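Observations on the model geometry
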Amino acid sequence: MEDYQAAFIEEANDFVQILEESLLQLEGDRQNPEIINEIFRIMHSLKGSGAMFGFDDLSSYTHHLESLYDQVRRGEILINRAIIDFTFESVDHIKHLISFQPDEKYIKNSQSLIKRIPGLLMATEGDDKDIQRPIKSINTEKEAQQKKDQKKSYFIRFRPDTDILKDGTNPLYLIDELVAMGTCIVKARAVNIPDFNRLDPLDCFISWDFVLATKEDPSNIEDVFIFVSGTSEIEIKEIADFDIFEKDENKAKLMALLACPDVSSSDLNEFSDQQPILTRTPDLIAEEEPTEEAEEVTPEIQEKSNLSSTKKMRVSTVRVKAENLDNMINLVSELVTMQARLQNIAQENGDLELISFAENFQKLSRQFRDLSFGMRLVPIQNLYIKFQRLVHDVSKELDKDVDFVTEGLETELDKNVIEHISEPILHILRNSLDHGIESKETRQELNKPERATIQLKAHYSGADVIIQVTDDGAGIDLEGVRHSAIEKGLIKATTKLSSKEILDLLFEPGFSTKQDVSNLSGRGVGMDVVKRKIEELRGSVELHSEKEKGTVIKIRLPLTLSMIDGFLVKIRENSFIIPLLAIDKIHELKTGQLDKAFNHIIKIEDEQVPFINLMNGSFDGFQDKPAKYLVLINFENKKVGLAVNEVLGEYQVVLKPLGHLLKTKDYFSGATIMGDGKVALVIDTNKLIQQFAK
Amino acid sequence: MVKTILFVDDSKSIRKAVGGLLEKLGYNVLIASNGREGYEKLDGTDIHLIITDLHMPEMNGIELIRAARKLETYQFIPMLLLTTETLMEKKREAKIAGATGWLEKPFKNEKLEMIIKKVLR
């Protein structure tokens with residue numbers, strides 16, 4: 001703080017100047033509240049800042065003046081000649097206090113000036129609290145020092161005011177603070193929670209009980225709650241003058257005691273007498289009052305024991321016909337559709353019991369759905385042997401040294417997807433080995449490591465799985481591809497294409513012909529087949545290449561084929577589904593906010609976000625309408641907004657394939673039947689964004 | 001993520017000292033010299049904590065807290081009042097206005113750090 005003393009002196013001198021000016025004004029306009037306030041504020045600032053920067057005499061002197069002007073401010077006393085004169089004298093005194101180091105003379109002067117204040121007003125209280133305070137704290141420090149080495153145990157009950165969350169207090173921080181003080185067990189109590197439809201989510205209905213063993217002084221425990229002590233119910237009681245957790249068995253007993261809903265600090269007193277027996281044994285409590293809290297604890301313990309037992313046991317499996325799995329999925333789909341219908345009826349009906357039943361049913365059907373899908377999930381690892389084998393055989397045949405590196409093979413995909421993805425990937429690997437990786441000699445000439453690397457990497461990305469095949473080979477010769485395409489009549493010799501467009505040519509059906517097929521494959525040969533196969537799985541494929549550096553082929557596949565967690569939105573009167581996993585956030589739009597946006601970019605939380613306005617006529621051919629919400633979509637590490645009319649909430653979607661009429665709109669991945677029997681189209685956000693980016 | 005603290009005080013030297021200290025503690029600091037100016041900073045920017053002095057021209061600390069609590073974005077963030085008063089009465093008034101807590105001036109660096117840790121993680 002010393003560094004700032006010079007700055008303070010400068011500032012204080014400014015204050016003094018303003019003070020003098022204000023006083024001169026006050027002489028002519030004695031009741032002006034603005035001037036009085038200004039003087040009060042300056043005294044207040046001098047007091048506060050003075051103390052911060054070590055000008056204690058200044059601080060204590062201005063404190064008296066602050067009190068004086070506070071009373072003037074509140075109309076308790078009127079400004080008179082004497083007060084103004086006194087303040088002028090004080091200003092001179094303050095000037096000395098600012099510019100000089102404390103000196104006997106000035107301190108005396110301070111005292112004599114202060115003594116005159118009571119004469120100026122009747123009601124000023126002598127304020128010696130401040131002087132006493134430091135002495136007191138020294139005492140407590142001494143006391144604390146003496147007791148420091150000894151741990152004591154406390155029972156603490158913290159019942160926050162229901163409004164506690166509304167003033168920015170996070171009760172969990174207070175709990176953390178307590179826990180950090182020593183050994184602590186915490187029990188949250190969730191009693192007196194009102195009915196769901198009467199519950200205000202901004203209210204806090206949870207209270208906490210603690211048993212804490214700490215060396216800290218009780219006043220430090222009180223300090224934890226300093227900001228909430230006026231409003232919340234807090235009980236801190238010493239229950240033992242030793243560390244109650246020293247004995248292991250005590251911990252379990254305390255946990256059991258705390259689990260009891262009506263435990264009070266007196267129940268814990270017995271620990272101080274070191275009586276090992278509690279009035280209530282844990283078993284009895286469970287029988288007497290099977291409270292919610294008690295139930296919460298039990299499943300956790302069971303889970304743990306289950307876990308440990310499965311570790312020891314060999315995992316047993318049952319082989320099931322794939323057909324049965326498919327049938328089960330179909331039934332689950334039907335069930336989910338029925339559940340949506342039920343929820344709809346319940347909502348319309350408004351009967352609370354029915355609504356809560358429908359909600360429970362939804363929870364169950366969701367679990368059931370996830371479980372049955374989980375049964376169909378297979379890790380990509382299962383294909384590893386196939387891939388490894390191919391790389392090994394082909395590289396040997398071509399006399400190339402290749403390291404096959406894999407990452408993320410534990411990523412799981414639907415059984416059907418796995419079955420159909422193996423051929424395309426094998427094809428891509430073959431291409432890489434044959435045409436991507438150069439011969440040993442060429443690699444030497446190019447100063448590349450002799451051993452080439454092909455990497456197969458898989459990971460989850462939102463509702464998709466991405467499989468990426470990377471090689472450090474020759475890359476794709478764009479000119480060559482272009483020539484080849486011209487020869488085959490795919491493009492005219494005059495057509496100008498970007499490098500991305502040239503790479504896209506590789507996926508054109510006419511690009512490769514039978515004549516190109518060498519022993520293995522030609523670069524680009526059959527890539528149209530690869531693309532088609534992947535698209536049949538509702539996936540997409542893209543290719544990046546850099547000459548002499550290598551090629552990256554990125555395959556994006558949906559996690560599952562037939563059911564997803566969706567988010568229901570409205571565009572005009574029609575419902576659409578956006579896959580939930582693709583959504584980052586929903587943002588409410590202000591009226592006209594999108595119209596003001598330039599070049600389809602809007603600023604959201606300091607981020608420039610491009611958006612697509614689905615309420616615009618170009619999306620569905622109807623008239624433009626204002627959008628109310630922006631659904632932020634995760635798109636290739638970026639965010640893209642989709643502007644919609646309304647957001648309705650989560651929805652379990654059973655995907656049905658689209659008919660031929662909608663085949664051209666490939667940014668719809670399917671349709672689903674809603675609870676009310678209407679159809680909602682499912683948006684494939686990646687395709688939609690790609691389409692509109694063009 | 002670096003947390004942002006809005007610090008409001010009418011004293012230039014305190015602003016400098018506390019602002020510097022908060023930055024040293026690794027926070028992103030926004031500074032305002034009175035309540036009105038502080039309120040104008042509440043334009044939707046991410047602010048995780050407000051620390052404000054009590055007596056200031058134009059708009060005092062309690063008024064600032066009361067106004068800030070009404071803004072949806074800042075409805076639940078912690079707000080601390082700097083005060084030289086040890087009187088419980090002022091603190092109660094601050095609490096009612098929506099302050100999370102208070103800090104008595106003068107304070108030491110460690111005290112400020114401790115109090116911030118109480119309300120901000």
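1. Considerations on the overall build of chain B
Helix and strand counts for chain B come out as five helices and five strands. Across chain B, helices and strands are ordered from the amino to the carboxyl terminus as β-α-β-α-β-α-β-α-β-α. Burial statistics for chain B: of 121 residues in total, 58% are counted as buried. Of all intrachain contacts in chain B linking residues separated by at least 6 positions in sequence, the fraction that spans at least 24 positions is 60%.

2. Some thoughts on the environment of Ile491(A)
All names here are of chain A. Following the sequence through the fold, isoleucine 491 ends up in the loop between helix H17 (478-487) and helix H18 (499-505). Separated by 14 residues in sequence, isoleucine 491 and leucine 505 have C-alpha atoms that sit 9.2 Å apart. Discounting residues that sit within four places of it in the chain, isoleucine 491 has contacts with Arg482, Ala485, Ile486, Leu497 and Leu505.

3. A few points about the confidence of the model for chain B
Summarising the model, chain B shows a mean pLDDT of 87, and 98% of its residues fall at 70 or more. ipTM for the predicted complex: 0.83, alongside a pTM of 0.43.

4. Let's talk about the pairing of strand S3 (residues 49-53) of chain B
Residues and elements named next belong to chain B. In terms of burial, S3 is a largely internal element, five of the five residues being buried. Bridging between strand S1 (residues 4-8) and S3 involves four bridges; their strand directions are parallel. The residue of S3 that forms the bridge with isoleucine 5 is leucine 49. The pairing of S3 with strand S4 (residues 79-83) spans four bridges and is classified as parallel. When the bridges of S4 are listed, aspartate 53 appears paired with leucine 82. Between the parallel elements S3 and S4, the chain passes through helix H3 (residues 61-69) in a crossover that is right-handed.

5. Some points on the packing of aromatic side chains
All names here are of chain A. Counted under the stated rule, the structure contains nine aromatic pairs over all chains. Relative to phenylalanine 55, the ring of phenylalanine 8 lies with its centre 4.9 Å away and its plane at 45°, an arrangement referred to as tilted. Pair noted here: phenylalanine 8 is in helix H1 (residues 5-28) and phenylalanine 55 is in the loop between helix H2 (33-52) and helix H3 (56-73), with a separation of 47 residues, a long-range link. Residue classification places phenylalanine 8 among the buried positions, given a relative accessible area of 1%. Pairing phenylalanine 158 with tryptophan 208 gives two aromatic rings, centres 5.9 Å apart and planes at 20°, and the pair type is stacked. Placement of the pair is phenylalanine 158 in strand S1 (residues 152-159) and tryptophan 208 in strand S3 (residues 207-214), with a sequence separation of 50 residues. Among the aromatic residues, those joined into a cluster by ring pairs are Phe8, Phe53 and Phe55. Lying over the aromatic face of phenylalanine 40, arginine 73 brings its terminal NZ or CZ to 3.9 Å of the ring centre.

6. Section: helix H5 (residues 109-119) of chain B
Taken together, the buried positions of H5(B) are Leu112(B), Ile115(B), Ile116(B), Lys118(B) and Val119(B). One face of H5(B) carries all of its buried residues, which in axial projection span an arc of 150°.

7. Things to note about the pattern of salt bridges
All names here are of chain A. The full count for this structure, using the stated rule, is 42 salt bridges over all chains. Among the salt bridges present, the one from glutamate 38 reaches arginine 41, with a minimum N-O distance of 3.3 Å. Residue glutamate 38 and its partner arginine 41 are located together in helix H2, separated by three residues, close to a single helical turn. Residue arginine 41 is classed as buried on the basis of its relative accessible area of 10%. Among the salt bridges present, the one from lysine 47 reaches glutamate 66, with a minimum N-O distance of 2.7 Å. With lysine 47 in helix H2 and glutamate 66 in helix H3, the pair connects residues that are 19 residues apart, well separated along the chain. As far as the burial class goes, lysine 47 and glutamate 66 line up, both buried. Ionic contacts of the salt-bridge type, sharing partners, join the residues Asp70, Arg73, Arg74 and Glu76 into one network.

8. What about unusual backbone geometry?
Residues and elements named next belong to chain A. One non-glycine residue, asparagine 447, adopts positive backbone phi at about 65°. Summarising the element assignment, asparagine 447 is placed in the loop between helix H16 (440-445) and strand S8 (452-461). The class for asparagine 447 is exposed, based on a relative accessible area of 72%.

9. What to know about the packing of H3(B) against helix H4 (residues 88-97) of chain B
Residue and element names in this part refer to chain B. At a minimum axis separation of 8 Å, H3 and H4 run at an interaxial angle of 20°. Comparing their axes, H4 and H3 come out roughly parallel. In this structure, H3 crosses over H4, and the sense of that crossing is right-handed. Across the interface between the two elements, Ile62, Ile65, Arg66 and Arg69 of H3 pack against Lys90, Glu93, Ala94 and Ala97 of H4. Along the lines of polarity and charge, the residues of the contact of H3 with H4 split into four nonpolar, no polar and four charged.

10. So, the interface of chain A and chain B
Counting from both sides, the interface comprises 38 residues of chain A and, opposite them, 40 residues of chain B. Between chain A and chain B, roughly 3200 Å² of surface is buried when both sides are summed, and carbon and sulfur atoms account for 59% of that area. Looking only at chain A, the three residues that lose the most surface to chain B are Met52(A), Tyr173(A) and Phe227(A), adding up to 23% of its buried area. Seen at the junction of chain A and chain B, the total is four salt bridges.

11. Some details on the side chain of Thr52(B)
Take Thr52(B): it is sitting in strand S3. Each residue touching Thr52(B), except ones within four places of it in the same chain, is listed here: Val8(B), Gly61(B), Leu64(B), Ile65(B), Leu80(B), Leu81(B) and Leu82(B).

12. Focus: the nonpolar core
General note: in soluble globular proteins, nonpolar side chains tend to be found buried as a group. Residue and element names in this part refer to chain A. Membership of the largest hydrophobic core comes to 77 residues, with the highest contact counts inside it found for Tyr69 and Ile94. Contacts of tyrosine 69, omitting those with residues within four sequence positions, involve Leu23, Leu26, Ile36, Ile39, Phe40, Ile79, Ile83 and Thr87. Grouped together as the second largest cluster of nonpolar side chains are 46 residues, Phe404, Leu413, Ile454 and Ile534 included.

13. Quick look at the sheet that holds S4(B)
Residue and element names in this part refer to chain B. If you walk across this open sheet you meet the five strands as S2-S1-S3-S4-S5, and the pairing is parallel. Two strands close off the open sheet at either side, each with one partner strand: strand S2 (28-32) and strand S5 (101-104). The average undirected angle you get between the axes of adjacent strands in this sheet is 20°.

14. Here's the deal with the side chain of Lys400(A)
Residues and elements named next belong to chain A. The residue lysine 400 is located in the loop between helix H14 (384-397) and strand S6 (402-407) in this model. In this structure, lysine 400 is buried with no salt-bridge partner, the nearest side chain bearing the opposite charge being aspartate 434 at 5.1 Å. Polar side-chain contacts of lysine 400 include one of 3.1 Å to the backbone oxygen of aspartate 434. At 2.5 Å, the side chain of lysine 400 forms a polar contact with the backbone oxygen of isoleucine 437. Apart from the residues lying within four places of it in its own chain, the contact partners of lysine 400 are Ser395, Leu433, Asp434, Ile437, Glu438 and Ser439.

Criteria and cut-off values
- Residues numbered from 1 in each chain as written.
- Chains lettered and ligands numbered in written order.
- Predicted model: local features only at pLDDT ≥ 70, side-chain atom pairs only at ≥ 80, totals over all residues.
- Heavy atoms only, no water.
- Helix = DSSP H or I, 4+ residues; strand = E, 2+ residues; numbered from the N terminus.
- Buried < 20%, exposed > 50% of the residue type's maximum accessible area, 1.4 Å probe, protein only.
- Contact = heavy atoms within 4.5 Å.
- pLDDT = per-residue confidence, 0-100.
- Pairing = 2+ DSSP bridges.
- Right-handed = clockwise from strand over helix to strand, strands pointing away.
- Phe/Tyr/Trp six-rings, centres within 6.5 Å; stacked < 30°, edge-to-face > 60°.
- Lys NZ or Arg CZ within 6 Å of the ring centre and 35° of its normal.
- Arc of directions from axis to C-beta.
- Salt bridge = Lys/Arg side-chain N within 4 Å of Asp/Glu carboxyl O.
- Axes fitted to C-alpha atoms, helices over the stretch in contact; angles between N-to-C directions.
- Parallel < 35°, antiparallel > 145°, perpendicular 65-115°, else oblique.
- Left-handed = near helix turned anticlockwise from the far one by under 90°.
- Nonpolar A, V, L, I, M, F, W, Y, C, P; charged D, E, K, R; others polar.
- Buried area = accessible area lost by both parts, 1.4 Å probe.
- Core = buried A, V, L, I, M, F, W, Y, C linked by side-chain atoms within 4.5 Å.
- Lys, Arg positive; Asp, Glu negative; His and termini not counted.
- Polar contact = N/O pair within 3.5 Å; in protein donor to acceptor, adjacent residues only side chain to side chain.

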